[in-house]
Amino acid sequence: MCGIAGIIYSGGDRAHEVGRDMTRMLQAMKHRGPDSTGYALYRPAAEGYVMHVKLAESNGKADFDLEGRQRRQRREVETRMRELGARIHGIAGKSDHAMTVTFELDGDLKRLADYVEDVRGTEVLSLGRSLEIVKDLGDAQTVAADYGLDEFVGTHAIGHARMATESDVDIANAHPYWAYPFPDVAVVHNGQLTNYHGWRRRLERAGHRFQSDCDSEIIAVYLAERMAGGDSLEDAMRRSLGELDGAFTYICVTEDALGVAKDELGAKPLVLYESDELVALASEEIAIRKVVDREIETYDPYEGAVMVWTR
Amino acid sequence: MDSVARDATGAGDGSAADGVTATYDARGLVELDGTVPKIARIDGEKAVLDARDLSTRKINGELRWLLYEEGLKDVTILNPSARHSLGVGILTRCRITFEGSLGYFGCGLIDGPEVQINGRVGWSVAENMMSGIVVIESNAGSLAGAAIRGGDLVIKGQTGARTGIDQKGGTIIVLGSAGSMTGFMMQRGRQIICGDVGPGLGDSMYDGTLYVAGKVASLGIDCVEGEWTDADAELVERKFRIYGLGSPPELRKFVCGKKLYNYDSLEPSERKLVL
């Protein structure tokens, strides 16, 4: 089933408490998916980059060497980044199995991400000047508390409350997905894609990397490939309606825009609220009402809808 | 009807629930809380309930207490706050007004009430309604009036996809547009859509009538345009008059082409036995 949510404020770079907004929205939709919760949060573009790295699954095998291994992994990630010329400003780790690196780099970002992911057990969850993806097991309140997300101020955000259907309950299969290697592009999805295996084979042959068995990862990689081919985000989303089969509503975000696409049967829900101040959308109105606490005009966009807002 | 009233009382007087100590289930999803708050302001035959700080279960429990136990006929609920499953399974003649929006499955499984919703509703509003009236001042999500068997559902805004899926009776009126597969698998009843409809209108319908004023994106399998009769005009005008919707727009009528009817070749009874 899954619950998805998005919020984008107008007014350019002005920062809002989007972390807290997203926690409220996702917690209100906990009944749609209590397995894992993920956030893609955006702040006004900084000078450097922020990279979120997963070192291990939070429910993975906890052997005697787990601590030592994660320590060595941390060191190795740092060493490899410096090796490729990254000037590291800070390394933070809200939990043992995750680390956040802020850095500057003049070289090739994809090469850096590839090299970091080459460290055994490591996954780059997000990379960008404004994007930060945080995802872990549990409901929104749990994840927000573990990673201190309620204090996050920024311009827009999307989130996902997952009910696992066809793949495992772990961080690798949790949303949002980063459109590797495109900085600052992320996707959340509610639905099932029926031509997943065909697309996965095609995209793997084209050199794209997959980190999970979750069908939703296709959307992020698909959009990345289309944009690499020169499509705008909106064009890529429009094209996806014909090329991806199944039931889906997905929300895609970039540094300054938030877009949503619905399949041509309108099989998955989405409620939309638009005002001068903000645009909020979610699988259920009850989530929007946690951010805009009054009677509001909302509606369900129709099947085949592709809509994009910029901040 | 009596047994229903007693069920509501049993859950409502608190005596049954007092012995229950669990406050959450293993997944933390369900609130095991059967007590009725009894906080509605009652004035003669009418009552007003502010639902702002109440859980869904408490709101529905209070509503049942007011209607079945106190015997009231007119209840207004303030601050429904887009919560799901409010006003479900009400089986008595009464008037219920929601001052605000509802979430999914609002007023499902009802038999008798006249419901006024001054806001929007989510998916599956009035699903399985047996009789009664549900009037929505704003938009509705998908699956509005799913499988209703009777009653009138009036939506003054737009609706999502599959409006009146599996409809078996009653009337659905939409003043705005409707999404794809409106009247999907419809078996009986009527829908009057004053705006446009999405692709697949009346797909796989068995019977019933769809009236559309706006553009039809495409017809579904075995849905064909029907011949307009005086009875159609009488029905539409009567419904518009009852709900004060002004004069009806010019409508086209769509019915089942019955090309997929294969009821002559009945299933052999020995095969049914095996199944």
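Note that the structure is predicted; figures quoted are calculated from it, not measured.

Student: Residues and numbers for the overall build of chain B, please.
Tutor: Helices and strands together make up the secondary structure of chain B, namely five helices and twelve strands. A burial count over chain B gives 45% of its 275 residues as buried. Taking the contacts inside chain B whose residues are at least 6 apart along the sequence as the reference set, 26% of them involve residues at least 24 apart.

Student: Just give me the short version of the overall build of chain A, but keep the residues and values in it.
Tutor: When you go through chain A residue by residue, the secondary structure sums to eight helices and 15 strands. Relative to the 2.2 N^0.38 estimate, which gives 19 Å for 311 residues, the radius of gyration of chain A is 18 Å and therefore close to what a compact globule would have. Projected onto its principal axes, the C-alpha coordinates of chain A cover approximately 50 × 40 × 40 Å. Across the 311 residues of chain A, 50% fall into the buried class. Pairs at least 24 residues apart make up 72% of the contacts formed inside chain A by residues separated by at least 6 positions.

Student: Account for unusual backbone geometry, naming residues and giving values.
Tutor: Residue and element names in this part refer to chain A. Here the amide bond leading from His175 into Pro176 is cis, since omega sits at -5°, within 30 degrees of zero. Along the chain, the position of Pro176 falls in the loop between strand E8 (156-162) and strand E9 (177-178). Backbone torsion omega between Tyr180 and Pro181 reads 0°, so that peptide bond is classified as cis. Mapping Pro181 onto the fold places it in the loop between E9 and strand E10 (186-193).

Student: Give a description of the sheet that holds strand E3 (residues 74-78) of chain B that names residues and reports values.
Tutor: All names here are of chain B. The twelve strands are arranged E1-E2-E3-E4-E5-E6-E7-E8-E9-E10-E12-E11 in an open sheet whose pairing can be described as mixed. Edge positions in the sheet fall to strand E1 (41-43) and strand E11 (223-225), since each of these pairs with one other strand and no more. Taken pair by pair, the neighbouring strands of this sheet meet at an average axis angle of 15°, ignoring direction. Relative to strand E6 (residues 131-136), strand E5 (residues 111-117) runs parallel, the two being bridged by five bridges. Bridging across to E6, Gln116 finds its partner in Val135. Along the sheet, helix H3 (residues 56-69) contacts strand E2 (46-50) and E3; its crossing angle with E3, the most-contacted strand, is approximately 160°. Packed on one face of the sheet, helix H4 (residues 230-242) meets strand E8 (168-174), strand E9 (188-193), strand E10 (209-212) and strand E12 (252-256) and runs near 65° to E9.

Student: Residue-level account of the pairing of E2 of chain B, with values.
Tutor: All names here are of chain B. Of the two faces of E2, only the one carrying Ala47 and Leu49 is buried; Lys46, Val48 and Asp50 on the other face are not. By the bridge criterion, five bridges tie E2 to E3 in an arrangement that is parallel. In the strand pairing of E3, Leu49 is matched with Ile77. Traced from E2 through H3 to E3, the parallel crossover comes out right-handed.

Student: Give me the lowdown on the interface of chain B and chain A, citing residues and values where you can.
Tutor: Taken together, the 24 residues of chain B in the interface contact 16 residues of chain A. Residues belonging to the side of chain B that touches chain A are distributed by class as follows: five nonpolar, 16 polar and three charged.

Student: Hey, could you go over the domain arrangement of chain A for me, with residue numbers and the actual values?
Tutor: Residue and element names in this part refer to chain A. Per the domain assignment, the segments making up chain A are domain 1 (3-44 + 137-310) and domain 2 (46-129). Here the C-alpha centre of domain 2 lies 24 Å away from the C-alpha centre of domain 1. Counting residues at the interface gives 15 residues for domain 1, matched by 15 residues for domain 2. By residue class, the composition of the side of domain 1 that touches domain 2 is nine nonpolar, two polar and four charged.

Student: Give me the environment of Lys156 of chain B: which residues, what numbers.
Tutor: Tracing the backbone shows Lys156 of chain B in the loop between strand E7 (152-155) and E8. Classification of Lys156 of chain B by C-beta neighbours within 10 Å gives partly exposed; the count is 18.

Student: Requested: an account of the packing of helix H2 (residues 66-83) of chain A against helix H3 (residues 109-117) of chain A, with residues and values cited.
Tutor: Residues and elements named next belong to chain A. Put simply, H2 and H3 touch, their axes get as near as 9 Å, and they point 150° apart. As summarised for this structure, H2 and H3 are arranged roughly antiparallel, according to the angle between their axes. Regarding H2 and H3, the two cross each other, and that crossing is right-handed. Across from Val77, Arg80 and Met81 in H2, the residues of H3 making contact are Leu112, Tyr115 and Val116.

Student: For the pairing of E3 of chain B, give the residues involved together with the corresponding values.
Tutor: Residues and elements named next belong to chain B. Burial along E3 is one-sided: Val75 and Ile77 are buried, and none of Asp74, Thr76 and Leu78, which face the opposite way, are. For E3 and strand E4 (residues 95-99), the ladder comprises five bridges, and the chain directions are parallel. Opposite Ile77, over in E4, you have Phe98 as the bridge partner.

Student: Pulling in residues and values, what's your account of the packing of helix H5 (residues 196-205) of chain A against helix H6 (residues 217-228) of chain A?
Tutor: Residues and elements named next belong to chain A. Taken N-terminus to C-terminus, the directions of H5 and H6 make an angle of 45°; their axes are 11 Å apart at the nearest point. The orientation of H5 relative to H6 falls into the category oblique. Where H5 crosses over H6, the two elements pack in a sense that is left-handed. Across the interface between the two elements, Tyr196, Trp199, Arg200 and Leu203 from H5 touch Ile218, Val221, Tyr222 and Glu225 from H6.

Student: Tell me what's going on with helix H1 (residues 18-28) of chain A, and back it up with residues and numbers.
Tutor: Each full turn of the α-helix corresponds to 3.6 residues, which orients residues three or four apart in the same direction. When you tally the buried positions in H1 of chain A, you get nine out of eleven residues, the bulk of the element. Structurally, H1 of chain A contributes buried residues whose contacts are with strand E1 (3-9), strand E2 (36-42), helix H4 (140-147), E8, strand E14 (278-282) and helix H8 (285-288) of chain A.

Student: Provide a residue-level description of H4 of chain A, including the pertinent values.
Tutor: Residues and elements named next belong to chain A. Listed as buried for H4 are Ala140, Val143, Ala144 and Tyr147. Down the axis of H4, the buried set is contained in an arc of 100°. They therefore lie on one face. On its buried face, H4 sits against H1, E2, strand E7 (131-137) and E8. Phi for Gly148, located one or two positions after H4, is positive at around 60°.

Student: Lay out the environment of Glu76 of chain A with the relevant residues and their values.
Tutor: Position of Glu76 of chain A among the secondary structure elements: in helix H2. Distance in space between the C-alpha atoms of Glu76 of chain A and Val119 of chain A is 7.2 Å, their sequence separation being 43 residues.

Student: So what's going on with the sheet that holds strand E6 (residues 123-128) of chain A? Residues and values would help.
Tutor: Residue and element names in this part refer to chain A. Read from one edge to the other, the open sheet built from four strands follows the order E4-E5-E3-E6, with strand pairing classed as antiparallel. Each edge of the sheet is formed by a strand with only one pairing partner; in this case those strands are strand E4 (87-92) and E6. If you compare each strand with its neighbour and ignore which way they point, the axes differ by 20° on average. The pairing of strand E3 (residues 49-54) with strand E5 (residues 98-104) spans six bridges and is antiparallel. Paired with Tyr49 across the two strands is Phe103, which belongs to E5. Sitting on the sheet, H3 touches E3 and E6, and the angle it makes with E6 is about 155°.

Student: Outline the confidence of the model for chain A, listing residues and values.
Tutor: Reading fine detail from the predicted coordinates is not recommended where pLDDT is low. Confidence in the prediction for chain A averages 94 pLDDT; 100% of positions are at 70 or higher. When pLDDT is averaged over each helix and strand of chain A, the minimum, 92, is found for H6 of chain A and the maximum, 98, for H1 of chain A.

Definitions and limits used
Residues numbered from 1 in each chain as written. Chains lettered and ligands numbered in written order. Predicted model: local features only at pLDDT ≥ 70, side-chain atom pairs only at ≥ 80, totals over all residues. Helix = DSSP H or I, 4+ residues; strand = E, 2+ residues; numbered from the N terminus. Buried ≥ 20, exposed ≤ 12 C-beta atoms within 10 Å, placed from the backbone. Contact = placed C-beta atoms within 7 Å. Rg over C-alpha atoms; globule rule 2.2 N^0.38 Å. Pairing = 2+ DSSP bridges. Axes fitted to C-alpha atoms, helices over the stretch in contact; angles between N-to-C directions. Right-handed = clockwise from strand over helix to strand, strands pointing away. Nonpolar A, V, L, I, M, F, W, Y, C, P; charged D, E, K, R; others polar. Domains from an automatic or database assignment. Parallel < 35°, antiparallel > 145°, perpendicular 65-115°, else oblique. Left-handed = near helix turned anticlockwise from the far one by under 90°. Arc of directions from axis to C-beta. pLDDT = per-residue confidence, 0-100.

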